[in-house]
Amino acid sequence: MNGRRFLSIGECMVELSQAGDGLLRKGFAGDTFNTAWYARACLGPDWSVDYFTALGDDAMSDEMAAFIAGAGIGTNLIRRIKGKTPGLYMINLKNGERSFSYWRDSSAARSLAADPDLLREAVESADLVYFSGITLAILPQEDAATLLSEIRRAKAAGKLVVFDPNIRPRLWSSYDVMHTTISEGARSSVLVMPSFDDEAAHFGDDSIEATIHRYRALGALNIVVKNGADGVNLNFGGEETFVPAEKVKKVVDTTSAGDSFNGAFLARYLESQDAPAAARFAAGVAARVVSEHGALVAREKLGLSDR
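The sections below set out a description of the structure shown in this document.

Reading guide: rules and limits
Residues numbered from 1 in each chain as written. Predicted model: local features only at pLDDT ≥ 70, side-chain atom pairs only at ≥ 80, totals over all residues. Heavy atoms only, no water. Pairing = 2+ DSSP bridges. Helix = DSSP H or I, 4+ residues; strand = E, 2+ residues; numbered from the N terminus. Contact = heavy atoms within 4.5 Å. Axes fitted to C-alpha atoms, helices over the stretch in contact; angles between N-to-C directions. Left-handed = near helix turned anticlockwise from the far one by under 90°. Nonpolar A, V, L, I, M, F, W, Y, C, P; charged D, E, K, R; others polar. Salt bridge = Lys/Arg side-chain N within 4 Å of Asp/Glu carboxyl O. Buried < 20%, exposed > 50% of the residue type's maximum accessible area, 1.4 Å probe, protein only. Core = buried A, V, L, I, M, F, W, Y, C linked by side-chain atoms within 4.5 Å. Expected span 1.5 Å × (residues − 1). Arc of directions from axis to C-beta. Phe/Tyr/Trp six-rings, centres within 6.5 Å; stacked < 30°, edge-to-face > 60°. Lys NZ or Arg CZ within 6 Å of the ring centre and 35° of its normal.

Details of the sheet that holds strand β4 (residues 47-52)
Picture the strands of a sheet paired through backbone hydrogen bonds; they go either parallel or antiparallel.
Here comes step 1: Within the open sheet, the eight strands sit side by side as β4-β1-β9-β10-β11-β12-β13-β14. Their pairing is mixed. The sheet terminates laterally at β4 and β14 (239-243), the two strands that pair on one side only.
Here comes step 2: Where strand β13 (residues 232-236) meets β14, five bridges bridge the pair, whose relative direction is antiparallel. Bridge pairing in β14 links Leu234 to Thr241.
Here comes step 3: Contacting β11 (191-192), β12 (222-226) and β13, helix α8 (residues 208-217) runs over the sheet at an angle of about 150° to β12.

A closer look at the packing of helix α9 (residues 257-272) against helix α10 (residues 275-289)
Here comes step 1: At a minimum axis distance of 8 Å, the contact between α9 and α10 shows a crossing angle of 145°. Relative to α10, the crossing made by α9 is right-handed. Contacts from Ala257, Ser260, Phe261, Ala264, Phe265, Arg268 and Tyr269 in α9 reach Ala275, Ala278, Ala279, Phe281, Ala282, Ala283, Val285, Ala286 and Val289 in α10.
Here comes step 2: Counted by class, the contact of α9 with α10 contains 14 nonpolar, one polar and one charged residues.

Digging into the pattern of salt bridges
Here comes step 1: The full count for this structure, using the stated rule, is 15 salt bridges.
Here comes step 2: Residue Glu199 pairs with Arg214 through a salt bridge whose shortest N-O separation is 2.6 Å. Here the residue Glu199 occupies a position in helix α7 (residues 196-203), and Arg214 occupies one in helix α8, the gap between them amounting to 15 residues. Both residues of the pair, Glu199 and Arg214, count as buried.
Here comes step 3: By sharing partners, the salt bridges in this structure join Arg120, Glu124, Glu150 and Arg153 into a single network.

Comments concerning the nonpolar core
Here comes step 1: Grouped together as the largest cluster of nonpolar side chains are 58 residues, with contacts concentrated most on Phe6, Leu191, Val224, Leu234, Phe261, Phe265 and Leu266.
Here comes step 2: Looking at which element gives the most residues to this core, the answer is α10, with eight residues.
Here comes step 3: The contact partners of Phe265, leaving out residues within four places of it in the chain, are Leu191, Met193, Val224, Leu234, Phe236, Ala275, Ala278, Ala279 and Ala282.
Here comes step 4: Within the second largest apolar cluster, 45 residues are counted, among which are Leu136, Ile167, Val177 and Leu218.

A look at helix α2 (residues 59-70)
Here comes step 1: Its twelve residues give α2 an end-to-end C-alpha distance of 16 Å, which sits within 8% of 16 Å, the value for a rise of 1.5 Å per residue.
Here comes step 2: Every buried residue of α2 is accounted for by Ser61, Met64, Ala65 and Ile68. Looking straight down α2, one finds its buried side chains confined to an arc of 100°; they lie on one side. The outward face of α2, more than 90 degrees from its buried face, is lined by the exposed residues Ala59, Ala66 and Gly70.
Here comes step 3: The inward-facing, buried residues of α2 contact β2 (13-20), β3 (23-29), α1 (31-42), β4, β5 (54-55) and β6 (79-80).
Here comes step 4: Gly72 occupies a position one or two residues after α2 and carries a positive phi of about 85°.

What to know about the packing of aromatic side chains
Here comes step 1: Counted by the stated rule, this structure contains 13 aromatic pairs.
Here comes step 2: Both rings, one in Tyr89 and one in Tyr102, keep their centres 5.9 Å apart while their planes meet at 35°; by these two values the pair is tilted. Of this pair, Tyr89 sits in strand β7 (residues 88-94) while Tyr102 sits in strand β8 (residues 97-103); the two residues are 13 residues apart in sequence, bridging distant segments of the chain.
Here comes step 3: With relative accessibility at 28%, the residue Tyr102 sits in the partly exposed group.
Here comes step 4: Judged by centre distance (5.5 Å) and plane angle (65°), the rings of Phe236 and Tyr269 are edge-to-face. Linking Phe236 in strand β13 with Tyr269 in helix α9, this pair joins segments that are 33 residues apart in sequence.
Here comes step 5: Here the aromatic residues Phe28, Phe33, Trp37, Tyr51 and Phe67 are joined through ring pairs into a cluster of three or more.
Here comes step 6: Positioned above the aromatic ring of Phe203 is the side chain of Arg214, whose terminal nitrogen or guanidinium carbon lies 4.0 Å from the ring centre.
Here comes step 7: Between Arg268 and the ring centre of Phe281, over which it is positioned, the NZ or CZ distance is 3.7 Å.

Without other data, these values stay purely geometric and don't point to any function.
What follows is the structure in structure tokens.
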């Protein structure tokens, strides 16, 4: 497996979180970057992890690129766009549950798919391609179509294409566009990893089985439905398995619960090809993540054995 590559596509943002006494702490995070972070933490050295996005030419973009590289995640395919800056968001926490305020309308990442040749080079070089509904939502419609075209090529070429719908209605111009584009994202993928609360709220699914059926009908071979403290339902090639969530003494911050699960699951699945075992492993990682502050929890706090 030497030289195998995990490619995550999306937006990394400047994160502001509460630091007490009215102060804010600066960090960097974003759904697909968080997943890349946890995949890198959990994968062995036979796999490289790369992040595909676009950044500006300002000092904050330089700092973010250095942070990504410092995490052991490749930055060679990141576009740098003159005059642009990264997006920013602030986390508001209440009883462990988070809400967000965003400033991202002019972020460089909105142009991440504007260079089709670079996008094709990145996707063709990968063995696993990961993207999300947020990746699609931030792009102009023509660029989203470009990205989906490359994703479909990757699936046809036998690559493992993974999609988390990660539904955020306010990022979309309309519900119709959101439903259509997310469905196309799933249709273009091999593995779909939705969160049931999102699917129930925005697609009207009345059960986890309905979510699984809808995504399998779109052409996704494998489905992992995350359902918070109620565990995870897997359907791989039609075979269903339930994996319970790991108990958490005190939930501190759920910001990266799903992203950390995805990264840990994919890391273990790539190495074992055992989806239920990967889900059990990922549930343990996610339990540790929600017991800490922030989207990105240091590897030494994740309970991982040394490789």
